[in-house]
Every structure is written in C-alpha cells, then in structure tokens.
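Notes for the structure review
Letter by letter, the chains look like this.
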Amino acid sequence: MTITRRSFLSASAAFAAAPIWGAAAAPLPREVDVVVIGAGAAGIAAARRVMAANRKVVVVEAAAQIGGRCITDTSTFDVAFDRGARWMHNPETNPMIKLARGVGLDVLPAPSGQKMRIGRRNARPSETEEFLAALVRANRGIDEAARGKLDVSAASALPKDLGDWAGTAEFVLGASFAGKDLKEFSAIDKARAQDRNSAIACRQGLGTLITKLGEQAPVALSTPASRIVWSNRDVSVETPAGKIAARTAIITVSTNVLMSGAIKFAPDIPKRTLDAASKLGLGSYDHIVLQLPGNPLGLARDDILIEQSNSTRTALLYANIGGSSLCSIDVGGSFGRDLSAQGEQAMAAFAKEWLTKLFGSEATAGIKKIAATRWNASPFVMGAMSASAPGGQLSRKILTEPIGCLYLAGEATHETLWGTVDGAWESGERAAEAALRRIGALKDEPADLPTQSTKRRRQTQPRI
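Figured I'd write up the structure that's included with this text. Small disclaimer: the values here were computed from a predicted structure and weren't measured.

All of the buried residues in helix α9 (residues 271-278) are T273, A276 and A277. Taken down its axis, α9 places every buried residue within 100° of arc, on the same side. The inward-facing, buried residues of α9 contact α8 (255-260), α12 (395-399) and β21 (406-408).

For the rest of this paragraph, the subject is the side chain of T413. In this structure, T413 sits in the loop between β21 and α13 (421-438). Relative accessible area serves as the criterion here: at 4%, T413 is assigned to the buried category. From its side chain, T413 meets the backbone oxygen of G410 in a polar contact 2.8 Å long. Sequence-distant contacts of T413, that is, excluding residues within four places in its chain, are made with R396, L399, T400, L408, S427 and R430.

We now examine the environment of A371. In this structure, A371 sits in strand β20 (residues 369-372). In this structure, the C-alpha to C-alpha distance between A371 and T76, residues 295 residues apart in sequence, is 7.6 Å. Setting aside anything within four residues of it in sequence, one finds A371 in contact with T76, F77, H287, I288, V289 and E344.

For the structure shown, the criterion picks out 19 salt bridges. Between E238 and R227 there is a salt bridge, and its shortest N-O distance comes to 3.0 Å. Of this pair, E238 sits in strand β13 (residues 235-239) while R227 sits in strand β12 (residues 227-230), placing them eleven residues apart in sequence. Among the residues examined, E238 registers a relative accessible area of 16% and is labelled buried. Where D302 meets R301, a salt bridge forms, and the shortest distance between an N and an O atom there is 3.4 Å. Residue class for D302 comes out buried when judged on its relative accessible area of 5%.

What follows is about the packing of aromatic side chains. A complete count under the given rule lists six aromatic pairs for this structure. On the numbers, 5.8 Å between centres and 90° between planes, the contact of F185 with W418 is edge-to-face. Taken as a pair, F185 in the loop between α5 (166-178) and α6 (187-192) and W418 in the loop between β21 and α13 lie far apart in primary sequence, 233 residues in all. Neither residue differs from the other here; F185 and W418 are each classed as buried. Of the aromatic side chains, those joined through ring pairs into one cluster are F177, F185 and W418. Here the basic side chain of K190 rests over the ring of F177, its NZ or CZ set 4.6 Å away from the ring centre. Cation over ring: K369 sits above F77, and NZ or CZ is 5.8 Å from the ring centre.

Rules behind the numbers
- Residues numbered from 1 in each chain as written.
- Predicted model: local features only at pLDDT ≥ 70, side-chain atom pairs only at ≥ 80, totals over all residues.
- Heavy atoms only, no water.
- Buried < 20%, exposed > 50% of the residue type's maximum accessible area, 1.4 Å probe, protein only.
- Helix = DSSP H or I, 4+ residues; strand = E, 2+ residues; numbered from the N terminus.
- Arc of directions from axis to C-beta.
- Contact = heavy atoms within 4.5 Å.
- Polar contact = N/O pair within 3.5 Å; in protein donor to acceptor, adjacent residues only side chain to side chain.
- Salt bridge = Lys/Arg side-chain N within 4 Å of Asp/Glu carboxyl O.
- Phe/Tyr/Trp six-rings, centres within 6.5 Å; stacked < 30°, edge-to-face > 60°.
- Lys NZ or Arg CZ within 6 Å of the ring centre and 35° of its normal.

Take a look at the structure:
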C-alpha cells in the first residue's frame, strides 16, 4: 500500500585562499553598510534585502561555493543531486517559490508516493493503517507533553503501546525529521514544527536555486571571517583578504560553527547567546547516493520508502531521483552520526547491506557508483539541521536578540521552520530588516502580513 506524501508528512509532522567573487572579480571592499557572514540561504536572503534598500553589502563565505547546506552536486554522477536540503515547503507563503520561477528554474510539488517495507515485502494496507495510526498517536503524545510546564524529551512522551511500530515511529519523528534521536529532542521544538506540508522540489536542485539567487550579490568565496570586533556602534570583520569595516553585521553560520570558536569575537559574545546555541546543536543527516541502472528495486520515480524497524539502525530510501538511476539512502540521528564518523566506505557498506536485506542481493549487484555526504565533517557547517535539546526550545528566540550591532540568522533562529531552507531564508530577511532599521535605512514598521512563521498551522488527518 502506498502512503501519500500528504498523509506521511501530516502524520509525522514533517533537512584560506584569495577571494573569488560571485558577481564580478573585484577587491574586497574596506567599508560597507552591512557585512554578512555566510552565503547560505540566510546569508543570500539578507544580502538581497540590503541591496533592495540600496545599501552597500558584502557577503564573506568560507567555502568555495554559495549554498551553505544547499549544495547541488553536478559532477559526481551524470545527473545532478542535492547533497543537503532537497525540499521547500508551504508554497502559499514561501517567497522562494516565486523567486525560483523568476530566475527560470522549475518548481513542482514533490511526488506523492511513499512505501513501507516489512522485511522483503511491501506492507499490506492494514499494516500501513496501523503504522499511520501509531504515528498519529505518537504525535499526539508529543503535542500533549509540549503543553506541560516542563519541556521534556520527545521520547518520554511516546505512548507505550506502539508495539511493532515503535522503532519506525521513533525514526520518522526523530532521526529522519530532525537528525536526532527522540531522547535528545525537545517535545516543544517538535510540536512547534508541525506545519511542513506541501513539499516543493526544484528540478534543478535547491543548491542551484540558492546559487542563482545569489548571482547579483557581492559574495567573496573562500574568504572565512576569522575575527569580529564589535560594539554598539560598528563592527570590523577580519578575513585573510583584509578587514571590512561596517555599521552592522549579520552572522548566519550554524550553531555548531558558532560554538566551535572558529570565529573569534572581541569582546566575546554573551554567554547567554552561546548557551542558547549549545542547546540547538546540529543533528546528523546524510545521503548515501547509489547509481542503480535498470531500476532493480522496481520502484517508481521519486518514491520514498521506509522499513518497519525495531532499532535505530535503519534508513529512508529516496529512489529514482528525478527519473534518474540515482537512489539516496538517508541516515540520521545517533546511528547516522556514528556511521558517518566511520567514513564513506562504511556508509557504502551499510547501504548495500540495508538494500540487500529489503530487496535481495540481486538488487545491489548492478551498483555502478556510490557517493556519500558527511556533513558532520564539513568544517564550515559541522552537521545537518538544528534540533533543540529538551528544555532548550526558547533558545531560538534568544538567538534573534541583537548583540550590539550584530544580528544572528539561519534556520536555528526560526521558531517554527527550523531545519528548513524556508526558515533560513525568512530569518535572513528578518535579520536584514533589523539591521537596516538600526542604520536608519528602513524606517517603516514591518507590515502585519501573514508569513511562514505567523501563518496559522492546519492540523490535517492522514489520508491513504
């Protein structure tokens, strides 16, 4: 039996060299109105908003490409695939959908088919019904716990009678959704993130989209910010290519990078901010991508498949990506983190073993090529998406507080769309508007219009 994407997501409630310039080669500017640290979705959104206000901005990016956690790989295989985030959400309020069309890219609803595997067979309709019912009860338990006085772990809120579906529910709601096991995951954070229906894909890749949207922004690649000297009046950002003086700065690095000390601050940023970031550490989520010519798994284009599992040693399969022969086996949580730490060879071995368990050895005999992401080992990201530890959900709001003339942005600062490119984009625009108001470039108050963060969430029941 096939689970529709809408029912699945509703039930689960749910990823130093010389500078190279994005627009044109030019010397690094010595003075700007706003300097943005990081050229991911949040950084590009912030830069575009500052440019729209006719103020001078520069984006400094440590990596050699725009995108952050949105990277489209066009060289490993003969077709492109997203190494990080692959979906957008909420098309009725998401400005990125219109922007994507505006730069000539194709956006379309994510295909609707998902399947459940039990051993080497597909789940029967009655079994799929049982799983969805268990998932709904698990979500209700987490929602009820989130209304309590204390923020507990999502694991502690699960019903005790999920039976054979307990492990699968934990994977779907934890490792697959947030990159963390439910015992490490705030019930409140989980409950507040339940508005991610209507997944939208960009046919050319989300990394391609962010790169296109950043083409007109002045981006200095391979230019890490090493030290930021700040006050209530101005800021100086030090890079291998020189110093940049600015009236304000927007910092979009991940919480793990912020905590790592890779960027020095003078004076130190407040302990309150670092404590908040530490409670929003990144989960682990990686793709193991296999080239499987001839469709030996017998799945449809863009099918998503999970298994009934009694342990965390499991994965999600995204098959025949975009109609190609690429299949991605996604691993997350503590198991994914441990597997990634062992390296690509171990990840490839698990992928083959897992597929063999579900489809037989003949299914993997024709693998042509394998590649795996290892986001935890990426020095400029250090993980996947932020997910609050129990008791830490309020930390997201703390991260939005100005620090002198510094503003933080990125998915971790969004209270409802954390872990998504949509939330990162909106946070960048929000931080840019705050920075522009600080320097007197935007005097009007923000309009009280519905956005992805203020839009009323609709709770839908699963449909088969």
